[in-house]
Amino acid sequence: MRINGTVWSARDIAARIDHTVLAPDATRKDMENACVLARAYGFKAVFTNPYWTPLVAELLDGSGIAAGISAAFPLGSLSTDAKVAEVMDAVARVDGKPCAVDMVTNIALLKEGHFDDYTRDIAAVVNAVEGRGIIVKAILETSLLNAEEIRTACRCAAEAGVDFVKTSTGRAGAPALSHIRIMREALPAHVGIKFSGFGTLNAPELALWAFFLGADVLGSPCGDVVVDVLSSGYAEVGMLAGS
Ligand SMILES: O=C[C@H](O)COP(=O)(O)O
């Protein structure tokens with residue numbers, strides 16, 4: 001695959017993918033299969049609901065791949081203390097193995113204009129894991145927001161100290177590719193963008209354009225398909241018009 005003149009190998013693409021197993025009926029076997037895939041491809045992380053975090057951390061141990069904690073998932077409407085408790089419980093249970101946190105923000109606080117409270121809710125999680133080398137992402141649920149709300153949410157999340165801002169849970173509508181540009185313009189350069197929740201239909205095509213538009217990381221339940229298609233040569237053809 002070639003993005004903006006740079007060639008990315010299959011490993012380069014995989015290292016930018018957080019593979020997801022978030023279905024409510026996912027079982028231990030699904031976790032095992034995802035971790036086998038993650039090791040084979042070299043994904044950045046495997047994100048699951050927190051019940052599964054210790055198992056996933058164990059299955060990925062020694063690979064450098066993070067056990068992803070999907071926190072306050074998928075609504076974000078827990079008390080701040082409950083969010084912190086959920087995250088810290090999962091962090092304690094990985095017993096020092098690599099993990100990462102994607103936390104759903106409190107959308108009502110944003111919509112109602114309580115920007116300080118919205119920021120404090122995010123910052124509480126950032127502060128709780130500080131010093132542990134844990135990447136924290138704030139999930140905005142951009143499909144529910146207008147452009148100004150996306151910009152404001154990005155500024156609040158950056159002020160709260162997150163490493164990445166992420167578009168979507170995949171449970172409240174898909175993000176638009178245009179959200180990436182809005183986010184990039186609102187965020188300081190040190191805060192990354194994760195494009196996620198875009199489903200499985202046309203996932204490789206969406207992934208290709210998301211990278212081209214400035215996404216740093218992708219969340220996908222079919223990370224293997226994305227890597228296979230984008231590293232097959234197709235992506236270079238697809239990029240001729242844009243590069
Ligand atoms: O946080 C949510 C995921 O990154 C998006 O979920 P999904 O990959 O199952 O669509």
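Reference entry: report on the structure contained in this document.

Parameters and conventions
- Residues numbered from 1 in each chain as written.
- Predicted model: local features only at pLDDT ≥ 70, side-chain atom pairs only at ≥ 80, totals over all residues.
- Heavy atoms only, no water.
- Salt bridge = Lys/Arg side-chain N within 4 Å of Asp/Glu carboxyl O.
- Helix = DSSP H or I, 4+ residues; strand = E, 2+ residues; numbered from the N terminus.
- Buried < 20%, exposed > 50% of the residue type's maximum accessible area, 1.4 Å probe, protein only.
- Near = heavy atom within 4 Å.
- Polar contact = N/O pair within 3.5 Å; in protein donor to acceptor, adjacent residues only side chain to side chain.
- Areas by Shrake-Rupley, 256 points an atom, 1.4 Å probe, with all protein chains shown as cover.
- Nonpolar A, V, L, I, M, F, W, Y, C, P; charged D, E, K, R; others polar.
- Pairing = 2+ DSSP bridges.
- Right-handed = clockwise from strand over helix to strand, strands pointing away.

### Things to note about the pattern of salt bridges
Considering all chains together, one arrives at 14 salt bridges under this definition. The partner of Lys137 in a salt bridge is Asp18, and the shortest N-O contact between them spans 3.2 Å. Pair noted here: Lys137 is in strand E7 (residues 135–139) and Asp18 is in strand E3 (residues 17–21), with a separation of 119 residues, a long-range link. With respect to burial, Lys137 and Asp18 carry one shared label: buried. Bridged by salt links that share partners, the residues Asp18, Asp102, Lys137, Lys166 and Lys194 form one connected network.

### What to know about the site of the ligand
Lining the immediate surroundings of the ligand are Thr20, Leu22, Phe73, Ile139, Lys166, Ser168, Thr169, Arg171, Ser196, Gly197, Ser220 and Pro221. In the environment of the ligand, an oxygen atom lies 2.7 Å from a nitrogen or oxygen atom belonging to the side chain of Thr20. Here an oxygen atom of the ligand and a side-chain polar atom of Arg171 are 2.9 Å apart. In isolation the ligand offers 300 Å² of accessible surface; the protein chains occlude 94% of this area. By residue class, the composition of the shell around the ligand is four nonpolar, six polar and two charged.

### A word on the pairing of E7
The buried fraction of E7 amounts to four of the five residues, a majority that puts the element mostly inside the structure. Here strand E6 (residues 99–104) pairs with E7 via five bridges, running parallel. Residue pairing for E7: Val101 is matched across the bridge by Val136. Relative to strand E8 (residues 164–166), E7 runs parallel, the two being bridged by three bridges. Residue pairing across strands places Ala138 opposite Val165, the latter belonging to E8. Each parallel crossover has a hand, and for E7 linked through helix H7 (residues 147–160) to E8 it is right-handed.

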